[in-house]
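Structural overview
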Amino acid sequence: MTTHAYVYSAAVALIFSGQIIAAPEKPVSANEFIQLFEKLNGKHLGVRKAHASGVCAVGEFQPNTQSNLFKSAPLLSSGTLPVKLRFSMGGGNPIADERTTGTRGMGMQISLPGGARHIFTGNNFPVFAGKDPETFFGFLSTLLPDENGKRDPKKTQEYIKNNPSVQGNVAWNAQAKTPASFANTEFFGLHTFFYGNGAEQVKFRWQLTPDLGVKTLSKEQAQQLKPAFLADKLANQLTQGTVSFTLNAVIGEKQDAVIDPSVQWPAGRAQVALGKVVLKQSGGDACTPINFDPNVISQGFTASEDPVLKMRSMAYAISFGKRLSGQ
């Protein structure tokens, strides 16, 4: 599918301690996001600009052929399919401390016959930090240090107060614990997709649930580990037994948000199992040449007009180009 940039205009006045700071007067571009990531994390040549630290795994997707809603999709009707999956830390630091709480990411490519692909990307938080690219950009901008290298927490707090769509993600981060393993982490797709056409069109968001269960560490438990423990933990679990996930489609109802990833759908929505993702081994470079663009989807599926989802295509493409060219 063709990648393209999407811009979404916002004209919001932000008030910080009596000083008016305007949101961008023009739409924020994907390149501006890449530049902002580099300002926040430093320049690290030849690595991903976001989710820089990670580990690759390979395995297979075992489709649920009993699914009535999705049964005609090639994703579910082509038999067992090869999978390449990259787990990652949030942020652009390639040597991030894995004992910390916060974002864990996942990018998964399922390869279909004939060269088609279906890519899923998700994070361990259920809501995005902003209703659109501009709100997210404004939030990240408050984290930039001043000329003395210091950040202003009050600026960030005021931004959060004045931008409700950021608050859900902030609240999640406030209570988050350190994941015990990538194999014990749940990932949320955040964005809305559709399957089918007309009256039979299915509205859904996907979710990847670990069959080994969700497990986290207390602060004290995490500090007893080495700063980089997740790759070894995953490799050890693979030697001890089956590491697998269930890929679910959470079915939306008419009133559920379509283009706002900062809004979580109500609990209790129906779920349909699309299949199992079974990991075979981890480590290696199989994920290096992959650009995990969530807008790359297989026949029968369509993406929503979510502006954050659309922006990700171009931002990912820029990061991909820089990474392969050593920038």
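Structure first, text after, so check above.
In this text, all values refer to a predicted model and were calculated from it rather than measured experimentally. (Residues numbered from 1 in each chain as written. Predicted model: local features only at pLDDT ≥ 70, side-chain atom pairs only at ≥ 80, totals over all residues. Heavy atoms only, no water.)

What the protein contains, in helices and strands, is eight helices and 14 strands. For a compact globule of 327 residues, the expected C-alpha radius of gyration is about 20 Å, and the protein comes in at 20 Å, within 12% of that figure. The C-alpha extent of the protein, read off along each of the three principal axes, is 60 × 50 × 40 Å. The buried share of the protein, reckoned over its 327 residues, is 50%. Looking at the protein alone, contacts between residues at least 24 apart form 75% of all its contacts between residues at least 6 apart. Taken as two groups, the 32 positive and 24 negative side-chain charges of the protein have centres that lie 4 Å from each other. (Helix = DSSP H or I, 4+ residues; strand = E, 2+ residues; numbered from the N terminus. Rg over C-alpha atoms; globule rule 2.2 N^0.38 Å. Buried < 20%, exposed > 50% of the residue type's maximum accessible area, 1.4 Å probe, protein only. Contact = heavy atoms within 4.5 Å. Lys, Arg positive; Asp, Glu negative; His and termini not counted. Charge placed at Lys NZ, Arg CZ, Asp CG, Glu CD.)

Scanning all chains against the criterion turns up nine salt bridges. Here D211 makes a salt bridge to K276, at a shortest N to O gap of 3.1 Å. Taken as a pair, D211 in the loop between β10 (202-210) and β11 (216-217) and K276 in strand β13 (residues 271-282) lie far apart in primary sequence, 65 residues in all. Given the relative accessible area of 33%, D211 is considered partly exposed. A salt bridge links E305 to K310, with the nearest nitrogen and oxygen atoms 3.3 Å apart. What makes K310 buried here is its relative accessible area of 12%. Because the salt bridges share partners, they merge into one network encompassing E253, D256 and R269. (Salt bridge = Lys/Arg side-chain N within 4 Å of Asp/Glu carboxyl O.)

Right, let's talk about the nonpolar core for a bit. Ranked by size, the top nonpolar core spans 46 residues in total, and within it F70, F87 and L279 carry the most contacts. Ignoring any residue separated from it by four or fewer positions in sequence, one finds F87 in contact with S53, G54, V55, A57, G105, M106, F182, F187, L234, F245 and L279. Counting 25 residues, the second-largest nonpolar core is a separate cluster that includes A129, F139, W172 and A315. (Core = buried A, V, L, I, M, F, W, Y, C linked by side-chain atoms within 4.5 Å.)

Time to look at helix α8 (residues 307-324). Here α8 is 18 residues long and its end C-alpha atoms lie 26 Å apart, about the 26 Å a rise of 1.5 Å per residue gives. All buried positions along α8 are accounted for by P307, V308, L309, K310, M311, R312, S313, A315, I318, S319, K322 and R323. Residues of α8 that are buried in the fold lie against α1 (30-41), β6 (117-123), α3 (133-141), β9 (193-195) and β14 (301-303). Two to three positions downstream of the cap, the backbone nitrogen of V308 sits 2.9 Å from a side-chain oxygen, assigning the N-cap of α8 to D306. Phi turns positive one or two residues past the end of α8, at G326, with a value near 75 degrees. (Expected span 1.5 Å × (residues − 1). Polar contact = N/O pair within 3.5 Å; in protein donor to acceptor, adjacent residues only side chain to side chain.)

Here the focus is the environment of G268. One can find G268 in the loop between β12 (243-251) and β13. Under the relative-accessibility criterion, G268 is labelled exposed at 76%. Separated by 165 residues in sequence, G268 and T103 have C-alpha atoms that sit 24 Å apart.

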